[in-house]
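Summary of structural features
Spelled out from the first residue to the last, the chains are:
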Amino acid sequence: MGNVFPRIYDIAMKPLEVTRFKKVRTELIRNAQGNVLEIGSGTGINFPYYRQAKHVTAIEPNPEMSRRATRRGRNAHVPITLYEASAESLPFADHTFDTVISTLVFCTIPNPLRALKEIQRVSKPNATLLFFEHVKLEQPGFAKAQDLINPIWEKVCDGCQLNRNTLSLIINSGICVEEIEPLYGGLFLSIIGRKLEHEKTNYTSLGNGFPTRCMREK
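Residues numbered from 1 in each chain as written. Predicted model: local features only at pLDDT ≥ 70, side-chain atom pairs only at ≥ 80, totals over all residues. Heavy atoms only, no water.

Observations regarding the packing of aromatic side chains
- Applying the stated rule across the entire model yields eight aromatic pairs.
- Measuring from centroid to centroid gives 5.0 Å for Phe21 and Phe132, while their planes differ by 90°, and the two rings are edge-to-face. One end of the pair, Phe21, is in helix 1 (residues 4–29); the other, Phe132, is in strand 5 (residues 123–134), and 111 residues separate them in sequence. Accessibility assignment for this pair places Phe21 and Phe132 in one class, buried.
- Taken together, a centroid distance of 5.1 Å and an interplanar angle of 70° make the contact between Phe21 and Phe188 edge-to-face. Highlighted residues: Phe21 in helix 1 and Phe188 in strand 7 (residues 188–194), separated in sequence by 167 residues.
- Ring-pair connections join several aromatic residues into one group, and the members of that group are Phe21, Phe132, Tyr184 and Phe188. (Phe/Tyr/Trp six-rings, centres within 6.5 Å; stacked < 30°, edge-to-face > 60°. Helix = DSSP H or I, 4+ residues; strand = E, 2+ residues; numbered from the N terminus. Buried < 20%, exposed > 50% of the residue type's maximum accessible area, 1.4 Å probe, protein only.)

Structure (structure tokens):
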């Protein structure tokens with residue numbers, strides 16, 4: 001990962017962060033309670049929003065991003081510990097965290113399914129799993145445009161995959177998806193999920209173009 005992208009990230013994202021994204025982060029992170037793991041904390045943009053967590057453990061593989069997150073971590077309302085680590089190989093014991101959160105990260109993880117399995121490994125049974133991600137659009141014309149743009153987008157945006165179907169990856173990993181909120185015509189999704197332990201998962205239609213809802217079945 002290069003050093004240029006971390007330096008411009010906050011500036012490039014500011015127009016979105018001061019408008020709709022601020023509200024999304026506030027509402028999603030309100031669900032982060034207990035011992036929290038944040039995947040890909042970047043420059044620490046989420047840190048000011050934590051209020052209910054007991055402690056936040058944040059991982060970020062890019063050292064330049066982590067350095068920029070340090071000040072936000074010191075000024076946060078809850079204690080935050082930063083680790084330089086990748087989502088595909090989390091340096092934590094099984095069943096450690098009450099909540100895991102990832103925002104605008106799964107587009108860049110090289111092996112997202114492995115990362116989702118790792119998240120479930122380190123989560124406690126019934127842990128809350130929170131995601132805010134951009135995804136491949138359902139409309140064929142827009143989806144094709146994403147496919148065409150992606151090779152250039154990936155180079156400019158530090159490996160970001162514009163056309164990744166993250167919702168399908170989350171569902172296929174075995175996570176119970178309980179709530180989905182679409183934003184910007186479905187380009188972004190706010191997702192609340194849960195780790196189910198020793199239960200089967202049955203999926204039914206959510207409607208509005210979203211394929212499934214997880215229902216517990218003993």
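Looking at unusual backbone geometry
- Here Leu104, not a glycine, exhibits a phi torsion of approximately 55°, which is positive.
- Residue class for Leu104 comes out buried when judged on its relative accessible area of 14%.
- Located in the positive-phi region is Asn126, a residue other than glycine, with phi close to 70°.
- Here Asn126 lies in strand 5.

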